[in-house]
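So the chains spell out like this:
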Amino acid sequence: MSIIKIRKKLLNIESIYHEGGPPRTDPIRMGSIAVVIHNPYAGRYVEDLSELSQGAREMAKELVPELLAALGGAGQIQAYGKGAIVGLAGELEHGAIWHEAGGWPMRANLPSAKSIVPASKVVAAAGTRLPIPMHHVEACYVRSHFTSMDVGVIDGPRPDELLYALVMSTGSRVHERLGGLRADQISVGDGQR
């Protein structure tokens, strides 16, 4: 029997046409997929977290294709990130499980992904909104793709729950114009530049 007990799954897609500047004809699309699951370690200290880590990775392998399909496929994705909200009876380390468990399945489905998957996590009450950072999938120093997507749900996570989320974007910030390394200038192939 799996350690993962999903209470709900949320899929959200935003189409961003402008932020006060000239409207785009084709919007930047940002998407998130999040699950609210039971935290089997809530209220107690457990030394070995590997069972939840493995279960979370298997769950992410199912979530990633669903998010990719909603955004038009892997070839459309330029930026990504991940995040976790731990209910108040849990500990931050239960959210840290999502670093590897959520990150590797995303990278495995994106052939050009070389950069790390940025993350944020917090222990908080139900209804908390978490800004999840994103950056370019090939090189984390591509400044145009530094952005975030807000994820949360009004009734979770409850004290004995976890919210794990993945976010992706089909482009940069809608009106990016601050310079720095451009996506078409990526050359080193080290996931940074």
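Here the residue numbers are simple positions, counted from 1 along each chain's written sequence. pLDDT decides what is reported in this predicted model: residues at 70 or higher carry local features, side-chain atom pairs at 80 or more are listed and counted, and totals for whole chains, interfaces and linings draw on all residues regardless. Remark: hydrogens and water are excluded; side-chain values derive from all non-hydrogen atoms of the structure.

Undergrad: For this particular structure, what's the right way to read the overall build of the chain?
TA: Helix and strand assignments come from DSSP, with helices taken as H or I runs of at least 4 residues and strands as E runs of at least 2, each series counted from the N terminus. Each helix and strand in the chain was counted, giving two helices and seven strands. For the chain, the α and β elements follow one another from N to C terminus as β-β-α-β-α-β-β-β-β. Referenced to the eigenvectors of the C-alpha coordinate spread, the extents of the chain come out at roughly 50 × 35 × 25 Å. Throughout this description, buried means an accessible area under 20% of the type-specific maximum (1.4 Å probe, protein chains only), exposed means over 50%, and partly exposed covers the range between. Out of the 193 residues in the chain, the part that is buried amounts to 47%. Contact definition: two residues touch when any of their heavy atoms are within 4.5 Å. Counting only contacts in the chain whose residues sit at least 6 apart along the sequence, the fraction spanning at least 24 positions is 76%. The method behind every accessible area is Shrake-Rupley, applied with a 1.4 Å probe, and residues are considered shielded solely by the protein chains displayed. Carbon together with sulfur atoms contributes 52% to the accessible area of the chain, which is approximately 9100 Å² in total.

Undergrad: Would you explain the pattern of salt bridges in this entry?
TA: When charged atoms on two side chains of opposite charge get close, those side chains can pair. Salt bridge, as applied in this entry: a Lys or Arg side-chain nitrogen positioned within 4 Å of an Asp or Glu carboxyl oxygen. Enumeration according to the criterion identifies 11 salt bridges in this entry. Across the pair Arg24 and Asp26 runs a salt bridge whose closest N-O atoms are separated by 3.5 Å. Here Arg24 falls in the partly exposed class, since its relative accessible area comes to 28%. Assessed through its relative accessible area of 47%, Asp26 is described here as partly exposed. Of the charged contacts, one joins Arg158 and Asp155 as a salt bridge, the two residues approaching to 3.9 Å between their closest N and O atoms. If you follow the salt bridges from partner to partner, you end up with Arg7, Lys8, Asp155, Arg158 and Glu161 in one network.

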